[in-house]
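# Coordinate inspection notes
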Amino acid sequence: MPSILERDPQADAECAPLALTTYPNAVIFTLVAFRYEIEEVSFLMAFDLKEIIAARLGENYQLHERHLNRTLVAAQRVIGFDRVYARAEGAYLYDMDNQPYLDFLSGYSVFNIGRNHPLVQQAIRDVLDLDLPNMVQMDCSLLSGLLAEAITKRTPPHLDAVFFCNSGTEAMEGALKFARAATGRKRAVSLASAFHGLSLGALSLMGCESFTEGFGPLMQGFDARVPLDDLEALDRELRSRDVAAFVIETVQGKGCQTPKTDFFVRAQELCRRYGTLFISDEVQTGLGRTGKMFGFQHWDLEPDIITLAKTLSGGYVPCGAIVVRRDIYQKTFSRMDRCVVHSTTFGRNNLAMACGLAALEIIDQENLVDRAGKMGALLVEKVDALCAKHSFIKEVRGKGLMIGIEFHEPSEFRLKMAWKLLHKIDKVLFAQMVVTQMLSKHRILTQVAGHAMDVMKILPPLIIGEKEVDMFVNALDDVLTECRKFPGPMWELGNNFVKAALGSRRTSEPRPVSA
């Protein structure tokens, strides 16, 4: 369809006699333009997204298998996650039959405020209605300034400068660049089992070989991993005074581990002693998830840099941020000719900024930080109470509503044999079996906390109440009760996973998914 400003020779020919005999040229151009405007409107009206979705909903997995990640499709089918969700609201997803599913994954902590919150929807509508100039690039937009102000009102006073980007991994990439620019050093140290993103710099901090396999060589100087709570190992790495940054997750995404000692406090002291910057990755733990606005506040830490994303999007438009001390920020943007030495095209776009402002307002208005702390404590208490009944449960841990439930070999002899059989194939299979049954039998979406981990990870929206806590605990009780029946349907499911896992090794198809 041509633009209304493009010429159509046939249309010009049709109008030419009129131009010669009756109308001035200006009138002819107006008539031609009017014709094209009508056709343009007709074309736009012909594109009906609602109609397209209504007609093709249900083709999801076929389309992905054909055009996107067919390995992911195969894995989701193996573990029974190939559901088609038609809509979402609050803490629930709904399938094509309008059956509700309790979302205890929340998009890996994107939906702290719940799904499709009306206040975020209204913020998006307002931005669209205003026809604001967007991503001019050579300007300073109002909404990005307002969101930076709103974030720094919630951080400690020393974190007073913000850089906006699009995702958690991009925020970590920028934070590493800031640390290098500020210190003149090249190395970075992270924790064992670390997860900070999957682009090359962030991937180089990774503590999970399953993610780094096939992507080497990684960033030189980023290969040091310190075990959690091992202060001596950290001291050995930092004392050479060539480490730009020590990077932590206050609750590790893989396994939901936290220190059992004052490791973080002592680690911060070591960083100060050796001139290393202290970075807290708050992409998943930030904005209320752990029962504090930021995870580092549980230990009264003062990180030099934090990274944010996920919840800052409001669940709609990707939004990430690096929040940093002003003096560190200025060492990156040190001269006028370096004012855009680190930049991103979409980082300050108006829709993302509006979503971020709305998300922060909702967290405050609905008191979600305190709610996460209270509901998290209740959830841990009730799952802990199941330990006496189910010897599969080893430990329940985490902060707020970022919780890991670790399983171990049961005490009963007949169950030990079944456990050992599964673990000969893959350590993740028992947890995957539980997660699959939570979804298929009870319509509760959870996840396995990491490769080769007997850990179920739960990340509910912070809006949940006692009703949702009881739904989860009762479902887990029922699934683990079924696990006690050997042989039985749960172990038959495990046997199917074993067959699928063996088959995948022969055909290079995927093993059960853990994230």
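What this report covers is the structure whose coordinates are included nearby. Bear in mind the structure is a predicted one, so any value in this text is a computation, not a measurement.

### Considering the environment of G197
Mapped onto the elements of the fold, G197 is located in the loop between β5 (187-191) and α10 (200-203). When the C-alpha atoms of G197 and A171 are compared, they prove to be 9.3 Å apart, with 26 residues separating the residues in sequence. Discounting chain neighbours no more than four positions away, the residues touching G197 are T169, A202, L203 and M206.

### Observations concerning the packing of aromatic side chains
Per the counting criterion, the structure on display carries 16 aromatic pairs. Arranged with centres 6.5 Å apart and planes meeting at 85 degrees, the rings of F246 and F263 form a pair that is edge-to-face. One end of the pair, F246, is in strand β7 (residues 243-248); the other, F263, is in helix α13 (residues 263-274), with 17 residues separating them in the sequence. Given a relative accessible area of 1%, F263 falls into the buried group. Centre to centre, the rings of F294 and F296 are 5.6 Å apart; their planes meet at 5 degrees, and the pair counts as stacked.

### Focus: the pairing of β7
Where burial is concerned, most of β7 is hidden: six out of the six residues are buried. The pairing of β5 with β7 spans three bridges and is classified as parallel. Across the sheet, R187 pairs through a bridge with V243, a residue of β7. For β7 and strand β8 (residues 277-281), the ladder comprises four bridges, and the chain directions are parallel.

### Focus on the nonpolar core
In terms of nonpolar packing, the biggest core is built from 110 residues, with F407, F430 and F472 touching the most fellow members. It is helix α15 (residues 350-365) that contributes the most residues to this core, nine residues altogether. Judged by nonpolar contacts, the second largest core, of 25 residues, contains A171, A244, V247 and V324.

### Section: the sheet that holds strand β2 (residues 92-95)
On the basis of which strands lie adjacent, the open sheet formed by four strands has the order β1-β2-β3-β13 and mixed pairing. Each of the sheet's edge strands pairs with one partner strand only, and the pair in question is β1 (85-89) and β13 (444-445). Pairing of β2 with strand β3 (residues 100-103) involves three bridges; the strand directions are antiparallel. The residue of β3 that forms the bridge with L93 is Y101.

### Details of the pattern of salt bridges
Scanning the model with the defined rule gives 24 salt bridges in all. Salt-bridge contacts for R397 lead to E406; the nearest nitrogen and oxygen are separated by 2.6 Å. Where E482 meets K485, a salt bridge forms, and the shortest distance between an N and an O atom there is 2.9 Å. The network of salt bridges with common partners includes R272, D304, R325 and D327.

### Some thoughts on the packing of helix α16 (residues 368-384) against helix α19 (residues 466-483)
Relative orientation of the contacting elements α16 and α19 amounts to 25 degrees, with a least axis distance of 10 Å. What the angle tells us is that α16 and α19 run roughly parallel. For the pair α16 and α19, the crossing hand works out as right-handed. Only E466, V469, D470, F472, V473 and L476 of α19 make contact with α16, whose side of the interface consists of M375, L378, L379, K382 and V383.

Parameters and conventions
Residues numbered from 1 in each chain as written. Predicted model: local features only at pLDDT ≥ 70, side-chain atom pairs only at ≥ 80, totals over all residues. Heavy atoms only, no water. Helix = DSSP H or I, 4+ residues; strand = E, 2+ residues; numbered from the N terminus. Contact = heavy atoms within 4.5 Å. Phe/Tyr/Trp six-rings, centres within 6.5 Å; stacked < 30°, edge-to-face > 60°. Buried < 20%, exposed > 50% of the residue type's maximum accessible area, 1.4 Å probe, protein only. Pairing = 2+ DSSP bridges. Core = buried A, V, L, I, M, F, W, Y, C linked by side-chain atoms within 4.5 Å. Salt bridge = Lys/Arg side-chain N within 4 Å of Asp/Glu carboxyl O. Axes fitted to C-alpha atoms, helices over the stretch in contact; angles between N-to-C directions. Parallel < 35°, antiparallel > 145°, perpendicular 65-115°, else oblique. Left-handed = near helix turned anticlockwise from the far one by under 90°.

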